Amino acid sequence: MKRQDLLRRHWPFVLILTVYVALAVCYSLSDPLYESTDELRHFRYVRHLITYRSLPEQRIDAPRAQSHHPPLYYALGALASWWVPVEQEVYYTPTENPFWAYRYWEVSDDNKNQYLHGDDERFPFHGVALAVYVVRWLTVLIGAGVVWLTYRAGREILPDRPALAVGGGALVAFNPQFVYLSGAINNDVPAALCGAAVLLVCVRLVRDGPSVRTDVLMGTLFGLALLTKFNLLALLLPIELAYLVAAWRARGRGSAWRAFLRGNLCILALAALISGWWFLRNWRLYGDP
């Protein structure tokens, strides 16, 4: 299908995706550095990978970072921003606002910023500010992937009702909290990408039935999800449900339950191969996977 035909067929979604990217970039530019939840600690993780070329460790006597999180998102952030020259030390602390009042449940316009912000954060960006924005914009692109996968899932669930798929994509794209997080450094948006990808494969599994190709794809995605945020272990529930539904629909065939067992073995093996080292490392360092 030609590009013009694709745009003509999917133009409502293309419009939604374009507006989402514009909004997320605006959020990223209007939100002062490190004022998003735990953004400084997330950024420290990225800078640790770039500077020390090793994973950070949790220590009581060290500055705080999100060291307890799996490294996939932070490795992507490091690959995107390694080229930016940064003078500050990895675990530096910006100048704190002495009048900061952490009463986020109250409506006001006074002292909501935890840190003081100066001209070094203004355009044209350079140094640490540029590095932060590069990783923020990477998160914007990841968020665009979440919106696109949501739309694709809707098209495959109800192919004759494209308006519902457009509505599903819009529901994600224009959720204020999602747009806000998409313009900040965090691993929740990549976690949403993993969830959306697994959901789409689950839809195809139920529709088309199990196959070795689907097993490998599902196992790879599940392993990558565990390297993104460890509580994505919960994705195993919709995965198992999809395999059970697919096996039940093909219950008249002798190979249905064999395919179910094969899929589970493949998923667990690939997930262990891709992410098992992370949990073994944690067990060795902290006595807790």
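Residues numbered from 1 in each chain as written. Predicted model: local features only at pLDDT ≥ 70, side-chain atom pairs only at ≥ 80, totals over all residues. Heavy atoms only, no water.

## Some thoughts on the nonpolar core
Point 1. Counting residues in each nonpolar core, the largest one holds 45 residues, and the members touching the most others are Tyr20, Tyr34 and Phe43.
Point 2. Within the residue set of this core, elements represented by two or more residues are α1 (3-30), α2 (39-52), α3 (72-81), α4 (127-157), α5 (162-173) and α6 (176-182).
Point 3. Apart from the residues within four sequence positions on either side, Tyr20 is in contact with Val140, Gly143, Ala144, Val147, Ala173, Phe174, Phe178, Val179 and Ser182.
Point 4. Ala196, Phe222, Leu235 and Ala271 belong to the second-largest nonpolar core, a separate cluster that totals 26 residues. (Core = buried A, V, L, I, M, F, W, Y, C linked by side-chain atoms within 4.5 Å. Buried < 20%, exposed > 50% of the residue type's maximum accessible area, 1.4 Å probe, protein only. Helix = DSSP H or I, 4+ residues; strand = E, 2+ residues; numbered from the N terminus. Contact = heavy atoms within 4.5 Å.)

## Topic: the environment of Tyr73
Point 1. With respect to the helices and strands, Tyr73 occurs in helix α3.
Point 2. Since its relative accessible area comes to 1%, Tyr73 is described here as buried.
Point 3. Setting aside chain neighbours within four positions, we find Tyr73 in contact with Val135, Thr139, Ile142, Ala184, Ile185, Asn186, Asn187 and Pro190.

## Some words on the pattern of salt bridges
Point 1. In total, this model carries eleven salt bridges according to the counting rule given.
Point 2. Across the pair Glu39 and Arg136 runs a salt bridge whose closest N-O atoms are separated by 2.7 Å. Of the two residues, Glu39 sits in helix α2 while Arg136 sits in helix α4, which places them 97 residues apart along the sequence.
Point 3. Overall, Glu39 belongs to the buried group, its relative accessible area being 0%.
Point 4. By relative accessible area, which is 0% here, Arg136 ends up buried. (Salt bridge = Lys/Arg side-chain N within 4 Å of Asp/Glu carboxyl O.)

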